[in-house]
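Chain residues, written in single-letter form:
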Amino acid sequence: MRPAELAAIQAGDVDLAFRRWERPRVRAGTRMRTAVGLVEVTSVDRVPVSSLTAAEARRAGAASLAALRQGLDRLHPERPVYRIGLRYAGADPRHELREAVPDAAEIDAIVTWLDRLDRASPAGPWTRATLLLIDELPATRAPDLAQRMGRDTPSFKQNVRKLKERGLTESLDIGYRLSPRGGAVLDHEGHPRPAQPQSAPEPGTPLPHIGAAATRALTAQGVVRLEQVTSLSEGEVQALHGVGPYALRHLRAALDAAGLTFRADPGASPQASDPPETS
């Protein structure tokens, strides 16, 4: 699903999707992990195109019934149409998991699981080396990390996803970082951590997920926290190479949720005040 669809599902504005499939690819009760959290499939029904209504088109986020039908006919018009009911089911539980420092019993279970992954790998043990590399080089591009490990990028990413499932790592717009949970496992096993203490994170609210290109553009301006965005006008942010409508929309929503705003655009003229009421 596109980012705009996910944001609308989270807001409760969209609760349907329509897809042309040869056969159902999801079933009711399925919970999908997405960029905005968990999205649950509430129903899956095969429906004739002629039965679609304008109300359903609105619930799917389409501009009109005609736009919905045109979109469905753009690819594989010979396939049947499925109507998928959707609802936002809350935050991704991995977010809370990665912040939870495990107790001794949990650490033993994690260590046993890591050992099992290492034994099953035809390329040899990789779990601790991957955790240590991410700890040493946070926010580093996956291809660069994969090269350091002597692995191809797809298989390296697949391995990191396994670690992420257990809350040991966190994906960033650029690269990854070790979670407190992952750090506790390395400390328990006595692995050497970076000799120089890593710099303390900037105070404030992290930037929302706005994509790697937009994150790089803001970082180049010294903007790494949401509060720092307020030093720029919306026009200045929009003018940065790599910042598109998706990034701008998510920045605007994050600022609004935090009670913050972009700096007033110096080129904008102040809005005229409402005329006084007359009796």
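For every chain, the first residue of its written sequence is number 1, and the numbers climb from 1 along that sequence. Under the rules for a predicted model, residues below a pLDDT of 70 receive no local features and side-chain atom pairs below 80 are neither given nor counted, while totals for whole chains, interfaces and linings still include all residues. Side-chain metrics rest on all non-hydrogen atoms present in the structure, leaving aside hydrogens and water.

**Section: the sheet that holds strand S2 (residues 31–34)**
The pairing of strands in a sheet happens through backbone hydrogen bonds and is either parallel or antiparallel. On the basis of which strands lie adjacent, the open sheet formed by 4 strands has the order S1-S4-S3-S2 and antiparallel pairing. Strand pairing shows two members of the sheet lacking a second neighbour, strand S1 (16–20) and S2, which therefore form its edges. Within the sheet, the average angular offset between the axes of one strand and its neighbour, ignoring direction, is 35 degrees. What makes two strands pair is DSSP finding at least two bridges between them. Helix and strand assignments follow DSSP, with helices taken as H or I runs no shorter than four residues and strands as E runs no shorter than two, numbered in order from the N terminus. Pairing between S1 and strand S4 (residues 81–88): 5 bridges, direction antiparallel. By the bridge assignment for S4, Arg-20 is matched with Val-81. Note on definitions: angles span 0 to 180 degrees between N-to-C directions of axes, and those axes are lines fitted to C-alpha atoms, for helices only across the stretch in contact.

**Notes on the packing of aromatic side chains**
Each pair of aromatic rings taken from Phe, Tyr and Trp, with Trp reduced to its six-membered ring, is defined by centres within 6.5 Å and is described as stacked if the planes are under 30 degrees apart, edge-to-face if over 60, and tilted in the remaining cases. In this structure the tally under the stated criterion is 2 aromatic pairs. Only when the NZ of Lys or the CZ of Arg is both within 6 Å of the ring centre and within 35 degrees of the ring normal is a charge said to sit over the ring. The cationic tip of Arg-166 hangs over the ring face of Trp-113; the distance from NZ or CZ to the ring centre is 4.4 Å.

**Some words on the environment of Ala-212**
Turning to its location among the elements, Ala-212 is positioned in helix H10 (residues 212–220). Spatially, the C-alpha atom of Ala-212 lies 5.5 Å from that of Ile-174, the residues being 38 residues apart in sequence. Look past the residues within four positions of Ala-212 in its chain and what remains in contact with it is Asp-173 and Ile-174. Whether two residues are in contact is decided by their heavy atoms, any of which lying within 4.5 Å being enough.

**A word on the confidence of the model for the protein**
Each residue carries a pLDDT score, the predictor's own confidence in it, on a scale running from 0 to 100. For the protein, per-residue confidence averages 89 on the pLDDT scale, and 92% of positions sit at 70 or higher. Note that residues 270–279 has pLDDT below 50 and, in this model, 0 contacts with residues that lie over four places away or in other chains.

**Re unusual backbone geometry**
The bulk of non-glycine residues show a negative phi, and the bulk of peptide bonds are trans. Although it is not a glycine, His-76 adopts a positive phi angle of roughly 50 degrees. The topology assignment puts His-76 in the loop between helix H3 (65–74) and S4. Of note, the phi angle at Ala-139 is positive, near 55 degrees, even though the residue is not glycine. Examined against the element boundaries, Ala-139 turns out to sit in the loop between helix H6 (127–136) and helix H7 (142–149).

**Topic: the side chain of Ser-233**
Mapping Ser-233 onto the fold places it in the loop between helix H11 (226–229) and helix H12 (234–238). With a 1.4 Å probe rolled over the protein chains alone, any residue whose accessible area is under 20% of its type maximum counts as buried; one over 50% counts as exposed, and the rest are partly exposed. According to the relative accessible area criterion, Ser-233 is buried, its value standing at 1%. In contact with Ser-233, not counting residues within four places along its chain, are Phe-262, Arg-263, Ala-264 and Asp-265.

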